[in-house]
Amino acid sequence: MCFSSLPLFTEYLNEEGHGSLLPMTRKVMLQICSDPTLTLDYLPTLGLPEFTRSATELALGRDSPAIRENRAGGVQTLGGTGAIRLGAELLQRWYNVGGARCGPVYLSSPSGGSVAATLQGAGISDIRSYRYWDPDKKGFSVEPLLEDLEVAPEQSVIVLYASAHCPTGAEPSHADWKQIAEVMMGLCWGDPAQDAWSLRYFVSLGFELLCAQSFSTNFGLYSDRVGSLLLVLKHSSLLLAVQSQAASLVHSLWSRPPGGGARLVTMVLNNPALLAEW
Amino acid sequence: MSLFAEVPQAAPVAVFKLTADFREDKHPSKVNLGVGAYRTDECQPWVLPVVRKVEQLIANNHSLNHEYLPILGLPEFRASASKIALGEDSPAIKENRVGGVQSLGGTGALRIGAEFLRRWYNGKNNTATPIYVSAPTWENHNAVFSDAGFTDNAPEYSVFLLHACAHNPTGTDPTPDEWKQIAEIMERKKLFAFFDSAYQGFASGDLQKDAWAVRYFVSKGFELFCAQSFSKNFGLYNERVGNLTVVAKDSDNASRILSQMEKIVRTIWSNPPSQGARIVATTLTTPELFAEWKDNVKTMADRVLLMRSQLKAKLQALGTPGTWEHITQQIGMFSFTGLNPNQVGYLIKEKHVYLMASGRINMCGLTTKNLDYVAESIHETVTKIQ
């Protein structure tokens, strides 16, 4: 999902130029609001467990070792922005290796709309960029990016787009991603749409990482604010500690996430017929 | 070696831990008086009939889509929410100096207000402006303001967080005369009023009565913030429906304030969720639905009042030591029973009646079926433990 730099939001528009609701959305929403067993009670602070589990599986693949080893989990957030904000708050407070504070955060140049402002909102001020768009090639070039990564201080945080880069739409190839992973020793942080290859590749190499997932575009649920902050850590005990700190941050940001959109996504991802339709 | 090896496990929030302990408890007579949500006499959550009706209307309205709301939220929602707080004929509304920011429940409204004040209130370097909260107050008030960047320490222009009605956790509100005294001092000392209004209608059953303090301050010419929640009075807990009402000196100030709030919102949740706001806006702006809603709210408020009077009556009939007038003098969802931590511990451990360490109980956890057991348990506790 991406934002333009003006106060407009980009979304999928159909041929008539209108935002389009996925056909199954209305059907599923009617089902949800006709279900007498569903109440409107508060969700848990970390969100609907079935939703975060489904979102995590969607990103990493059901048979991901990180999932089997119980060291990957999600926190339901207010869309992709909420996930980025929560991730930024977590890093700002808790990303500390041997007393050395979290290094600078690198964004691609150019970068989508509000990411920098969101990081600043969380108190992160050292924001730099890595080269991404090659104006001569009119696409992505890996060499400048690798050069910038080589000189980045240790403990830097690198924000990567798993696919469908905003705003350029240009992507690294699989071979490019392998080179990027080789250079990176610290944390990486991605924003996936449909193609999660790069994310799963980093996880397979043993990286710890955060991933901001948005379901606005791929489900057409823009105004429902459905997102998840995926955490992949070295051990399951670490996952619990970090999730507990995330809960504490959520408590003073929005207290609990909203339920409707997350329920819909969960239903679709766990129902074979609806999943195929989606 | 993990990058997060030094992250400690955060302490659980007390009220959530209480509910978790309650769930684990297998005792057949267990009662949960810690929960912060309305329950029916069958101890079930209640989806308001008007809400079910409006949900269906929305689901069947094919002209509604899921496109992004504006950053500040659904305009009809913001306008009707501010109107319900300030009153139909509020001079501030007529003079076009009121704005609303749709927020993620009451918490979201408080956070946006806090973030704005930390940046723009009381000149530069204002993170040291103290925020005064009542002692005691809702436990999240402190976290919201400190996470927004406030520290501590200077007197004039301090911010005062006031509960508009049904004070949480005590259930004890100032009288109108007391509110007038509070307003007089605040005006003189240039103190900023930030109202937290989470129970309008739910406290007394009367929307106007529960908004009296906010409207009084507006009538005295205060600029103020009011964080509104529609979680309790609409039963829309999981839709996260809130509104930060901003009352400014004039419309120019109001619009500049909102423009800065927009920038803050963009970096937290970008734009708010639509479902709950649509339900509330539709209800508040459709006369038959509005009437039905007021009725539903009164149903909830009346049940709470009934539980208050019955609990007091039973304690008095049992001859339980102490006075129990406060049970019916207090208002809203919560009652500060006056039980001390030892007594609370006994109630939980021996009688499986769960309540907060402060002695706070949620009246909604009481039902006609468990009232006798709870009253007898309190009686036993107070006679055995001092």
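Located above this text is the structure these notes cover.
Each value, and the rule that gives it
- Residues numbered from 1 in each chain as written.
- Chains lettered and ligands numbered in written order.
- Predicted model: local features only at pLDDT ≥ 70, side-chain atom pairs only at ≥ 80, totals over all residues.
- Heavy atoms only, no water.
- Helix = DSSP H or I, 4+ residues; strand = E, 2+ residues; numbered from the N terminus.
- Buried < 20%, exposed > 50% of the residue type's maximum accessible area, 1.4 Å probe, protein only.
- Contact = heavy atoms within 4.5 Å.
- Salt bridge = Lys/Arg side-chain N within 4 Å of Asp/Glu carboxyl O.
- Arc of directions from axis to C-beta.
- Buried area = accessible area lost by both parts, 1.4 Å probe.
- Axes fitted to C-alpha atoms, helices over the stretch in contact; angles between N-to-C directions.
- Parallel < 35°, antiparallel > 145°, perpendicular 65-115°, else oblique.
- Nonpolar A, V, L, I, M, F, W, Y, C, P; charged D, E, K, R; others polar.

Undergrad: For this particular structure, what's the right way to read the overall build of chain B?
TA: Assigned secondary structure in chain B consists of 15 helices and 10 strands. For the C-alpha atoms alone, the extent of chain B along its principal axes is close to 60 × 60 × 55 Å. Residues counted as buried form 56% of the 386 residues belonging to chain B. Expressed as a percentage of contacts within chain B between residues at least 6 apart in sequence, the contacts between residues at least 24 apart total 78%.

Undergrad: Help me out: how do you make sense of the pattern of salt bridges in this one?
TA: Oppositely charged side chains are able to pair whenever their charged atoms sit close together. All names here are of chain B. Following the criterion strictly, the structure yields 30 salt bridges over all chains and no others. Of the charged contacts in the structure, one is a salt bridge between Arg-303 and Asp-41, with a shortest N-O distance of 3.5 Å. Of this pair, Arg-303 sits in helix 12 (residues 287-318) while Asp-41 is found in the loop between strand 1 (31-32) and helix 2 (49-59), placing the two residues 262 residues apart along the sequence. For Arg-303, a relative accessible area of 11% puts it in the buried group.

Undergrad: Teacher, can you tell me more about helix 2 of chain B here?
TA: Residues lying three or four places apart along an α-helix face the same way, a consequence of the helix completing one turn every 3.6 residues. Within helix 2 of chain B the residues assigned to the buried category are Val-50, Val-51, Val-54, Glu-55, Ile-58 and Ala-59 of chain B. Viewed end-on, helix 2 of chain B has its buried residues packed into an arc of 165°, placing them on one side of the element. Considering only its buried residues, helix 2 of chain B is in contact with helix 1 (23-33) of chain A together with helix 11 (275-285) and helix 12 of chain B.

Undergrad: Help me understand the interface of chain B and chain A, please; the structure alone is not making it clear to me.
TA: Counting from both sides, the interface comprises 60 residues of chain B and, opposite them, 73 residues of chain A. Interface area for chain B against chain A, summed over the two sides, is near 5500 Å², with a carbon-plus-sulfur share of 55%. Ranking the residues of chain B by area buried against chain A places Leu-3, His-66 and Tyr-68 of chain B at the top, with a combined share of 16%. Taken together, the connections running from chain B to chain A amount to 4 salt bridges. In this structure, the salt-bridge partner of Asp-41 of chain A is Arg-39 of chain B, at a minimum N-O distance of 2.7 Å.

Undergrad: Explanation requested: the packing of helix 10 (residues 236-253) of chain A against helix 5 (residues 105-120) of chain B in the structure shown.
TA: The relative placement of two packed helices is expressed as an angle between their axes plus a distance between the axes. Packing of helix 10 of chain A against helix 5 of chain B brings their axes to within 7 Å, and their N-to-C directions diverge by 80°. Taken as axis vectors, helix 10 of chain A and helix 5 of chain B run roughly perpendicular relative to one another. Judged by residue contacts, His-251, Ser-252 and Leu-253 of chain A of helix 10 of chain A engage Thr-107, Gly-108 and Arg-111 of chain B from helix 5 of chain B. When the residues that make up the contact of helix 10 of chain A with helix 5 of chain B are grouped by side-chain class, the tally is 1 nonpolar, 4 polar and 1 charged.

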